[in-house]
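What follows is each chain in one-letter form.
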Amino acid sequence: MMASGPERGALRLGIDLGSKTVKLAVLDEAGRLLHSSYERHLSNVQETLRYTISNAIPHFPDAEMAVAVSGSAGMQLAEILGLPFVQEVIAARAAVRRRIPEADVAIEIGGEDSKILFLSGSEELRMNNTCAGGTGGFIDTIAGMLDVNAEALNVLAHGCKKIYPIASRCAVFAQMDVRPLLNAGASKEDIAGSAFDAVATQCIVGLACGRPIVGRVALLGGPLHFLSALRDRFKAKLGLGDDDVVVPSDGHLFVAEGAALCGGGETTVTLGGLRDRLDDVSLRQGYSLERLDPLFASEEERAEFVQRHSRCTAPRSDLRSASGRVFLGIDSGSEAIKYVLIDEQGRILRSYYKRSAGDVVEAAREMLIDLWRSIPRKHDGTPTVRIAHATVTGYGEALLKRAFALDSGEVETVAHVRAAQELAFDVDFILDIGGQDIKCVWLRGGAISDLVLNEACSSGCGALISGMAWSMNVRMERFLEEAMRAEHPVDLGTRCTVFMTSRVRHAQKEGASVGEIAAGLAYSVVKNAVYKVIRVQDASMLGRRIVVQGGTFANDAVLRAFEKVYGADVCRPDIAAYMGAYGAALIARERAGEDGASTLLDQSRVRRLECVKARKRCEICGNACPLTVVEFADGDAVRRFIVGNRCERPLGEPSAKSLYPELFSSQVQRLFSYGSLSKSKARRGEIGLVRALGMYDLYPFWFTFFTSLGFRVEPSDLAASSRTGRWLESIPSESLCHPAKLMHAHTADLVDRGVRTVFLPYIDAVHKGKRNCPIVAGYPLVLSTNMDCIAGKGVRLISPHLPALLDGGGADGRLAPLLADAFGIPVGEVEQALGAAKRELLRYRVDIAALGDETLRYMGKSGKPAVLLAGRPYHCDPVVNHGIPELIRSFGFAVLTVDSVAHLDGRAARGDGALGGSWEYPEAIVAAARFAAAREDIEFVLLYSFGCGLDAAMVDEIGAIMRERGRTLTALKVDEMVDLAAVRIRIRSMIAARNGLFSGGARQ
């Protein structure tokens, strides 16, 4: 029942309906907590709230309470029940003010949102946007990948010894970072600790946005309340001691308590009356989200679908009657491990599929024990068949090959193509959607003609569907069956998975059924593949004979959604989930010698296998990679596997390929080859230069300019890029590209070293008539606004606005007066220094061009190919390129830079492309692409950044150039975190396309 006007002394009830949990708090007149509840709702908000209220009724059977509702899922329910709603940030602030008034800052993390409340000084309340990165949902995703719950993840994190970089902006990117670590043998403890570190980083960078987090900091919300290791990571990131942190015993209930405190008391209710009211309403209040056609219009249509797809079958035979040689293929994928055993005729004798559950080696051990147990024995105990060769593919290829002494490995793209061609010889397009990746292969005459793989984001892959089913507490089988029967699938769009999650939550609030959501997800996966990855306007452009495969296409709902989007029937083999393993088995058959025997460990050695891990640091190059060395001992031999290396030369192992030219490191060495004036000769003192962004092109110019004027140049430490610290708080937006964020680290390095004058010019362009990237040009303004340490330590930041540096044969005539005014130096002296700077910049570029010429001559004499690894000048920074140049060299390529071929690429002919010929660096990259596309001995690989609209246009234009020449574009998005295992797959796929994979496995 409800009544108006509370009696004196009425209790207060606050309800927080979050994205993951339902919280209830009952306060007395003085604001003391009398009763509370905290329950996960598993997407069933109404039922969980009813359960929570029912449990509270015995404590307050007839008490009238003033009530208010808060939380991301609370507004709709509040409207339906006629209850007041309090925005959760306001509720959190009210609870903090009442319970812990001494707090200067409050950080609250929920299921899919996070907040920072700055309470001292100028009050400011900040909350994350639609993306749920760095929240409880993110933690749940990582826990699920490790096959543990959040509490167990917390225990693991306390055993963390090494922090790996993990993308925290969203759980999808995180999966792309965590899967390779698991497949490479990283410990669960280190991954758990790294995940918590990522959450802290995301919250600080994404919400602080340049405002320092100082004073007493309150840590609130469920994750920070229950996960002590997460609190430890926040303390470490912020440099806080125990006395600086406030952790209330009821911090997980603060939003509910705040709602109770904010409730005005206009409406009172008993708990029993509230439960009755809840029973009388439904959340299904009509549709605001668009609806799609059902996957099947009738049961007859579904029956025809099932019958049609039963025709594409792989040949099979009975292992019990087999004899002679057999061949093993293993696919260690992102979510599961599979094997296929075939005979001489390519018939499948046995197959196996199991989730990796966060431990690839243990999953592989169980798999191989199953294999050995399944092989029949003769009367004398010897096997009836002999494994002649074993080939492994997938993310865990290198690890499993070393651990279990497998005979060979193959890049998964080749394995999948080989399997498709075996079952459909006339295939001309293959679409493989796995747990975390999408592979699209066009074939012409049986050879790979084009290849597209999804970028670093795994949005729209199988992990989206399995993760959503897991979050809704629905078994995968039921989830998919419900999708097949749904009459009104929800249109969830094709955006990032994390944004799509918000649409799923919205659909749930509208009362959408499990099946309607599941069917909508099936449509979204398909549309993401066709329109976002393959990027065709018309699905009919894909090909005439299409084979779809991968674990995701074993799902009939996804298969049917693809057929409806494509508008025609496609071929799905009955072993869609096993195609990688089947292709690997076929390749093993081709590689086995007539009398060969596999080196695969037998059952006893598989059971005895032990692994010991040690940590070392490689000292071969400046990357100084932290390595985890895993030794596998099976009683007969010890094999070593190395995790963390960016190249193939860890721990001093020699490599002939290390002699191939690699111009990224050569260019950096020449770029920063200058020696500063001694302090005694520096008549004008010292000046700091930030070695990031534009300085990777213009350092010779500015170093020479200031040295000529009598300044001692103090460059920031190159190692500053790899450091983390309190400067993270000064980054104004998480969406900034990684190179821009590094400006904060380099600037902080100069300030910490006591440099009192730092030069950061605002440069519109290097050459007159061109345009610079707005981030590169304008970032000095960002630093001066957001880095309090600059003004706090008396640092003078000189940032003159310069229209251009160069005009034809000399310096831009507008420069001298501007710089003279900025430094108070006579114009004539500045003009002389500018002339010297211009000459030195030209000398530097001539030297880089000479390196390019020398490399091309080497290629001509040796017959070795090269990769033109294109990017902006700052991609020469090893921290930005993540050692990818060295990785490419390890595959047998010389590595060229854009600057090394700038004098050869016909740049004067530019200007007719989509970029309009005015953007300085993108146009240089496009010109380099034209140069590479015209040479058969050069492959083109592009490095570019997340979230850059200009880069997106550039990629499209380069893709068109490569297609015109019948070439493929390998584009690698790089950020703070890069999955080098995925990069290896893409490079090896490029090599396969270069070699030309023919039907039957033959190559050109």
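Our subject in this report is the structure included herewith. (Residues numbered from 1 in each chain as written. Predicted model: local features only at pLDDT ≥ 70, side-chain atom pairs only at ≥ 80, totals over all residues. Heavy atoms only, no water.)

**Some details on the packing of helix α2 (residues 74-81) against helix α11 (residues 271-279)**
Argument step 1. Axis separation between α2 and α11 bottoms out at 10 Å; the angle between their running directions is 100 degrees. In this view, α2 runs roughly perpendicular relative to α11, as classed from their interaxial angle. Judged by residue contacts, L77, I80 and L81 of α2 engage L274, R277 and L278 from α11.
Argument step 2. Each residue belonging to the contact of α2 with α11 can be placed in one class, and the counts come to five nonpolar, no polar and one charged. (Axes fitted to C-alpha atoms, helices over the stretch in contact; angles between N-to-C directions. Helix = DSSP H or I, 4+ residues; strand = E, 2+ residues; numbered from the N terminus. Parallel < 35°, antiparallel > 145°, perpendicular 65-115°, else oblique. Contact = heavy atoms within 4.5 Å. Nonpolar A, V, L, I, M, F, W, Y, C, P; charged D, E, K, R; others polar.)

**Regarding the sheet that holds strand β23 (residues 638-643)**
Argument step 1. Taken in spatial order, the three strands line up as β21-β22-β23 in an open sheet, and their pairing is antiparallel. Each having just a single partner strand, β21 (610-617) and β23 make up the two edges of the open sheet. Shown here is a sheet whose adjacent strand axes are inclined to one another by a mean of 25 degrees, direction ignored.
Argument step 2. Sheet topology note: the β21/strand β22 (residues 626-633) ladder contains eight bridges and is antiparallel. When the bridges of β22 are listed, E610 appears paired with A633. (Pairing = 2+ DSSP bridges.)

**A short note on unusual backbone geometry**
Argument step 1. Of note, D147 is a non-glycine position whose phi angle comes to about 60 degrees, a positive value.
Argument step 2. The topology assignment puts D147 in the loop between α4 (136-145) and α5 (150-157).
Argument step 3. Look at H882: it is not a glycine, yet its phi comes out positive at around 55 degrees.
Argument step 4. Here H882 shows up in the loop between α30 (878-881) and α31 (884-890).

**Brief notes about the side chain of R605**
Argument step 1. You can see R605 is positioned in helix α22 (residues 603-608).
Argument step 2. Look past the residues within four positions of R605 in its chain and what remains in contact with it is D634, D636, A637 and R639.

**Quick notes on the pattern of salt bridges**
Argument step 1. In total, this model carries 62 salt bridges according to the counting rule given.
Argument step 2. Residue K439 pairs with E412 through a salt bridge whose shortest N-O separation is 2.8 Å. In this pair, K439 is assigned in strand β18 (residues 438-444) and E412 in helix α15 (residues 412-423), connecting sequence segments 27 residues apart.
Argument step 3. Among the residues examined, K439 registers a relative accessible area of 3% and is labelled buried.
Argument step 4. By sharing partners, the salt bridges in this structure join E301, E304, R308, R560, E563 and D569 into a single network. (Salt bridge = Lys/Arg side-chain N within 4 Å of Asp/Glu carboxyl O. Buried < 20%, exposed > 50% of the residue type's maximum accessible area, 1.4 Å probe, protein only.)

**Details of the packing of aromatic side chains**
Argument step 1. One pass over the full model with this rule turns up 23 aromatic pairs.
Argument step 2. Pairing W702 with F705 gives two aromatic rings, centres 5.6 Å apart and planes at 90 degrees, and the pair type is edge-to-face. Of this pair, W702 and F705 both sit in helix α24 (residues 695-708), three residues apart, roughly one helical turn. Each member of the pair, W702 as well as F705, is classed as buried.
Argument step 3. Pairing F706 with F759 gives two aromatic rings, centres 4.8 Å apart and planes at 75 degrees, and the pair type is edge-to-face. Residue F706 is found in helix α24, and its partner F759 is found in strand β26 (residues 757-759); the two are separated by 53 residues along the sequence.
Argument step 4. The exposure class of F706 is buried, given its relative accessible area of 0%.
Argument step 5. Taken together, the aromatic side chains of F701, W702, F705, F706, F711, F759 and F823 make up a single cluster linked through ring pairs.
Argument step 6. Looking at R691, its charged tip hangs above the ring of F672, at a distance of 4.6 Å from the centre. (Phe/Tyr/Trp six-rings, centres within 6.5 Å; stacked < 30°, edge-to-face > 60°. Lys NZ or Arg CZ within 6 Å of the ring centre and 35° of its normal.)

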